[in-house]
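# Per-entry structural report
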Amino acid sequence: MLSKVLGAVGVLLLLTGLFLAIRPLHVDSVSCGSVYAPDKGITPMQCDTRLDHRMNLVAGLAGGGLLIAVAGFGFAAVRERRTHIGS
């Protein structure tokens, strides 16, 4: 049960991070683009700071989600191996 919960939470965090990476960011009615594809050309200085913060948030959510999901799948693999060895 724990491995399924960890896997689900990890995948949810990973997908949230990816969603925030492609979601466009706007500052004072000016489009800054997204972390994945920032707008080309000259953008306001507020865009740099906001895109930086968004990039850190995306990296934290996606990286943390990936680690949690891998831990969940690892627990499942260890439990599976223990049941085969005990049989």
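## A closer look at the pairing of strand 2 (residues 30-33)
Pairing analysis gives three bridges linking strand 1 (residues 25-27) to strand 2, with the strands arranged antiparallel. In the strand pairing of strand 2, histidine 26 is matched with serine 31. Two successive antiparallel strands, strand 1 and strand 2, enclose a turn made up of two residues, where aspartate 28 displays a positive phi of approximately 50°.

## Here we look at the state of the cysteines
Scanning the entire structure with this criterion turns up one disulfide. Between cysteine 32 and cysteine 47 runs a disulfide, and the two sulfur atoms are separated by 1.8 Å. Looking along the S-S bond of the cysteine 32-cysteine 47 disulfide, the torsion reads about -65°, which is the left-handed sense. Of this pair, cysteine 32 sits in strand 2 while cysteine 47 sits in helix 2 (residues 45-86), and the two are 15 residues apart along the sequence. When its relative accessible area of 0% is taken as the criterion, cysteine 47 is described as buried.

## Let's talk about the UniProt feature "transmembrane region" (unreviewed entry) in the protein chain
Here, UniProt's "transmembrane region" (unreviewed entry) annotation points to residues 56-78. Across residues 56-78, helical content stands at 100% and strand content at 0%; the span's end C-alpha atoms are separated by 32 Å.

## Observations regarding unusual backbone geometry
The phi torsion at aspartate 28 lies on the positive side, around 50°, for a residue other than glycine. Along the chain, aspartate 28 turns up in the loop between strand 1 and strand 2.

Rules used in this analysis
Residues numbered from 1 in each chain as written. Predicted model: local features only at pLDDT ≥ 70, side-chain atom pairs only at ≥ 80, totals over all residues. Heavy atoms only, no water. Pairing = 2+ DSSP bridges. Helix = DSSP H or I, 4+ residues; strand = E, 2+ residues; numbered from the N terminus. Disulfide = S-S within 2.5 Å. Buried < 20%, exposed > 50% of the residue type's maximum accessible area, 1.4 Å probe, protein only. UniProt positions renumbered as here; feature names shortened; annotations may be inferred.

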